[in-house]
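# A structural walkthrough
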Amino acid sequence: METVKLSTENTLPTYYLEASKEELEQRISKAKETLGDRLLLLSHHYQKDEVVKFADETGDSLQLAQSAAKNKKAEYIIFCGVHFMAETADMLTEDFQKVILPDLDAGCTMADMVDEADLELAWNKLTEVFGDILPLTYINSTAAVKAFVGDHGGATVTSGNAENIITWALNQGKKVFFMPDQHLGRNVANSLGISLDDMATWDFISEELQYDGKIENCKVILWDGFCAVHQQFTPDHVKNMRENHPDINIIVHSECSHDVVKLSDSHGSTNNILNAVENAAPGTSWAIGTDNNLVGRMIEKYPDKNVYSLNPISCPCATMNRIELPHLAWAIDNILNNNVKNQIIVEDKIKVSALKALDQMLSLS
């Protein structure tokens, strides 16, 4: 089944590849001025600085989804993020609004770890073992996966609202099936009092359930997925940071492994991390375990604090970074020329089902 229909073209004309940074910036600025409130430019926190500077709003997945849903004026929404985010924006906006992803190769490896076929197979096997289960999907998933979750009474989740949504799910009296990021599910469920021994893992490659305990004791089943960026932080990074900076506060994203989270002082969403540092006392020291594009801006933004990357040589999100000035300038020029490219359109059948999961999330956030 097709998840989206695309007005696509992903090969940039030579001009955009050869133009100087200054020329591209001037084109983008002039185009934004011309379009005014007909255009909304959204940027995820993990984007490059050169893109973030042009954003009308910057945020994490939940913020940007809510911003897209609230804006009723913009005819065009350029989403500087990744594919699943643009899908979500299309589902939450009005029919006349066009959501554009500047580079179609800006995907998400985590989202790619669960597809409809694998999910159907897992669901059939797990319901045979556990009976009635309730699915939750991280917003880092395709519209088709969100639709499956919506049709089965579940909800979407972001790192910012995960505690609320997982608490809601646990209160339904069913086993909770959380996908695709095992680390977010494990860390948040554990912080809510669920023992690691009461969590199972579904290995989507071997198509097997990994669990040694009694079935009746299992409360949460985790899809064996992960974020490539947050896999780069290890317990050794935490230990080395504490050795070199004894007074350091270590805060990491909840997508980090549990071994890293339990050694850190706190964990949470991107906004949790930003708020913790912003509200901290001057002179305090902070090590941040998340995408280094964001950490670099935090270091500049908070000169009154000592901000470090927990792993300064970690690579930023490769797919997110596919959106840069040439693609952004090309996308906005196409709007001016009435020749929209890379519009993301979720098919109606999938949209109706996926919105059940998204609306459930938004009602609980």
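Everything quoted here is computed from the prediction, not taken from an experiment. (Residues numbered from 1 in each chain as written. Predicted model: local features only at pLDDT ≥ 70, side-chain atom pairs only at ≥ 80, totals over all residues. Heavy atoms only, no water.)

### Examining the sheet that holds strand S14 (residues 285-289)
Strand order in the open sheet formed by four strands is S13-S12-S14-S15, and the pairing between neighbours is parallel. Every other strand in the sheet has two partners, leaving strand S13 (266-268) and strand S15 (306-309) as the edge strands with one partner each. In this sheet, adjacent strand axes meet at a mean angle of 25° when their direction is disregarded. Bridge count between strand S12 (residues 249-253) and S13: three bridges; the pairing is parallel. Note that in S13 the partner of isoleucine 251 across the bridge is serine 266. Contacts from helix H10 (residues 235-244) reach S12, S14 and S15 within the one sheet, and its direction differs from that of S12 by about 160°. Set on the sheet, helix H13 (residues 292-301) makes contact with S14 and S15; between it and S15 the angle comes to about 165°. (Pairing = 2+ DSSP bridges. Helix = DSSP H or I, 4+ residues; strand = E, 2+ residues; numbered from the N terminus. Axes fitted to C-alpha atoms, helices over the stretch in contact; angles between N-to-C directions. Contact = heavy atoms within 4.5 Å.)

### Considering the packing of aromatic side chains
Counted according to the given criterion, the structure contains four aromatic pairs. Taking the centre distance of 5.0 Å and the plane angle of 75° together, the rings of tyrosine 15 and tyrosine 16 count as edge-to-face. With centroids separated by 5.5 Å and ring planes inclined at 80°, the aromatic side chains of tryptophan 123 and phenylalanine 148 adopt a geometry described as edge-to-face. One end of the pair, tryptophan 123, is in helix H6 (residues 116-130); the other, phenylalanine 148, is in helix H7 (residues 143-151), and 25 residues separate them in sequence. The exposure class assigned to tryptophan 123 is buried, which follows from its relative accessible area of 11%. In this structure an aromatic cluster arises from ring pairing among Phe177, Phe204 and Trp223. (Phe/Tyr/Trp six-rings, centres within 6.5 Å; stacked < 30°, edge-to-face > 60°. Buried < 20%, exposed > 50% of the residue type's maximum accessible area, 1.4 Å probe, protein only.)

### Here we look at the UniProt feature "binding site: iminosuccinate" (unreviewed entry) in the chain
The sites that UniProt annotates as "binding site: iminosuccinate" (unreviewed entry) are His44, Ser61, Tyr138, Ile139, Asn140, Ser159 and Thr270. Lining residues of the largest pocket drawn from the annotated list: His44, Ser61, Tyr138, Ile139, Asn140, Ser159 and Thr270. Tracing the backbone through its elements, the reader meets tyrosine 138 in strand S6 (residues 133-138). If sequence neighbours within four positions are ignored, tyrosine 138 has contacts with Met110, Val157, Thr158, Ser159, Met179, Pro180, Asp181, Leu184, His253 and Glu255. Within the element layout of this structure, isoleucine 139 appears in the loop between S6 and H7. (UniProt positions renumbered as here; feature names shortened; annotations may be inferred. 1 Å grid on protein atoms, 1.4 Å probe; cavity = no way out; pocket = protein on both sides within 12 Å on 5 of 7 lines; lining within 4 Å.)

### Looking at unusual backbone geometry
The step from methionine 179 to proline 180 runs through a cis peptide bond, and the omega angle for that step is -15°. Along the chain, proline 180 turns up in the loop between strand S8 (175-179) and helix H9 (182-191). The phi dihedral of asparagine 338 falls on the positive side, at around 55°, and the residue is not glycine. One non-glycine residue, asparagine 342, lies in positive phi territory at about 60°. As for its placement among the helices and strands, asparagine 342 is situated in the loop between helix H14 (325-336) and strand S16 (343-346).

### Considering the packing of helix H2 (residues 21-35) against H14
Across the interface, H2 lies against H14 with an axial gap of 9 Å and an inter-helix angle of 35°. Both H2 and H14 take part in a crossing whose hand is left-handed. For the pair formed by H2 and H14, the contact residues are Lys21, Leu24, Glu25, Arg27, Ile28, Ala31, Lys32, Thr34 and Leu35 on the first element and Leu325, Pro326, Leu328, Ala329, Ile332, Asp333, Ile335 and Leu336 on the second. Of the residues that constitute the contact of H2 with H14, the class distribution is 11 nonpolar, one polar and five charged. (Left-handed = near helix turned anticlockwise from the far one by under 90°. Nonpolar A, V, L, I, M, F, W, Y, C, P; charged D, E, K, R; others polar.)

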